[in-house]
Amino acid sequence: MQMDEVARRGLVLLGCGKMGSAMLAGWLDGGLPKTSVTVLDPKPSDWLQNQGIRLNEDLPEDPAIVLVAVKPQMMGDALPSMQAKGNGTTLFVSVAAGTPISRFEDALGEKTPIVRAMPNTPSAIGRGITAIIGNAHATAEQVDLAEELLKAVGQVVRLESEDQMDGVTAVSGSGPAYVFHLIETMAKAGEEQGLSSELALRLASATVAGAGALADGSNEHPGKLRENVTSPNGTTQAALDVLMNETDGFPVLLSRALKAAADRSRELANG
């Protein structure tokens with residue numbers, strides 16, 4: 001199954017908030033015909049209403065794919081309306097956090113092809129990373145299709161088992177918030193060293209963004225990149241002696257934080 005079959009059979013986007021809009025923009029830019037896209041959204045944005053897609057119209061009889069992008073708490077209302085498309089050749093792809101594949105199988109039918117995906121918020125600017133895992137009824141071609149669609153908003157990685165999704169949630173799903181908090185705290189600490197709030201925030205934001213881009217584009221391990229910046233007994237080393245302290249530094253703090261996120265992800269998945 002390739003994108004031409006999606007164009008022929010149709011794609012349904014269930015929910016079109018920020019994540020759904022980012023994906024839709026990517027697909028349309030990639031050449032997916034507007035008439036092949038049906039979006040169901042109770043409160044469509046002005047942008048969505050001006051895209052020329054099929055908005056809140058009857059669904060195609062046998063769409064190639066239904067992408068579920070509603071908030072997890074709205075899932076109970078959204079899935080029953082899709083039941084007629086289950087147990088068939090329509091692939092369901094979910095980007096809803098904390099909703100396991102089993103819940104889709106219960107609502108749609110156990111033979112329904114399903115791919116669960118975990119994108120993150122930088123997807124809104126095409127710099128996301130999404131982890132995917134298919135169920136037993138999702139064919140290799142269908143998982144390939146899900147990957148192709150999700151590449152519209154960034155990188156895609158495949159998991160070996162659904163159990164890994166809790167770790168993914170802790171690292172990349174929730175991870176942008178950790179980085180935003182790092183920027184906040186770096187800026188605040190800069191103010192304490194005599195910088196204005198505006199200057200400290202600009203320096204912190206640009207430094208984190210630049211370092212992230214450097215790490216993402218480099219073939220070197222981030223540990224090596226860190227060493228490259230660190231002169232023996234210099235200023236960076238003085239700071240790292242604090243940050244890398246195994247009693248109260250980053251290693252122990254981030255380990256606790258990610259465990260808390262993963263544990264909460266497991267709780268949500270278990271209802």
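These figures come from a predicted structure and were not determined experimentally.

## Observations regarding a nonpolar patch on the surface
Judged by side-chain polarity, Leu243, Met244, Phe250, Leu253 and Leu254 come together as a nonpolar surface patch covering roughly 410 Å² of accessible area. With 3 residues, helix α12 (residues 250-269) is the largest single contributor of residues to the nonpolar patch. Along the polypeptide, Leu243 turns up in helix α11 (residues 235-243).

## A word on the packing of helix α8 (residues 175-192) against helix α9 (residues 197-217)
Each pair of packed helices can be summarised by the angle the axes make with each other and by the distance between the axes. Running from N to C, α8 and α9 cross one another at 140 degrees; their axes reach a closest spacing of 8 Å. Relative to α9, the element α8 is oriented oblique. The handedness of the crossing between α8 and α9 comes out as right-handed. Counted together, Val179, Leu182, Ile183, Met186, Ala187, Gly190 and Glu191 of α8 and Ser197, Ala200, Leu201, Ala204, Ser205, Thr207 and Val208 of α9 form the full contact between these two elements. Its residues placed into classes, the contact of α8 with α9 shows 9 nonpolar, 4 polar and 1 charged.

## Brief notes about helix α7 (residues 165-173)
Burial in α7 covers these residues: Met165, Asp166, Val168, Thr169, Ala170 and Ser172. Buried residues in α7 make contact with β6 (114-118), β7 (128-134), α8 and α12.

## With respect to the UniProt feature "binding site: NADP(+)" (unreviewed entry) in the protein
Cross-referencing UniProt, the feature "binding site: NADP(+)" (unreviewed entry) maps to Leu14, Gly15, Cys16, Gly17, Lys18, Met19, Ala69, Val70, Lys71 and Pro72 in the present numbering. With respect to the helices, strands and loops of the structure, Leu14 is situated in strand β1 (residues 11-14). Beyond its immediate chain neighbours, meaning those up to four positions away, Leu14 contacts Leu40, Leu67, Val68, Ala69, Val70, Ala78 and Met82. By the secondary structure assignment, Val70 is in the loop between β4 (65-68) and α4 (75-78). Setting aside chain neighbours within four positions, we find Val70 in contact with Leu14, Gly15, Met75, Ala78 and Ala96.

Rules used in this analysis
- Residues numbered from 1 in each chain as written.
- Predicted model: local features only at pLDDT ≥ 70, side-chain atom pairs only at ≥ 80, totals over all residues.
- Heavy atoms only, no water.
- Patch = residues over 30% accessible without salt bridge, like charges linked within 9 Å, V, L, I, M, F, W, Y side chains within 5 Å.
- Areas by Shrake-Rupley, 256 points an atom, 1.4 Å probe, with all protein chains shown as cover.
- Salt bridge = Lys/Arg side-chain N within 4 Å of Asp/Glu carboxyl O.
- Helix = DSSP H or I, 4+ residues; strand = E, 2+ residues; numbered from the N terminus.
- Axes fitted to C-alpha atoms, helices over the stretch in contact; angles between N-to-C directions.
- Parallel < 35°, antiparallel > 145°, perpendicular 65-115°, else oblique.
- Left-handed = near helix turned anticlockwise from the far one by under 90°.
- Contact = heavy atoms within 4.5 Å.
- Nonpolar A, V, L, I, M, F, W, Y, C, P; charged D, E, K, R; others polar.
- Buried < 20%, exposed > 50% of the residue type's maximum accessible area, 1.4 Å probe, protein only.
- UniProt positions renumbered as here; feature names shortened; annotations may be inferred.

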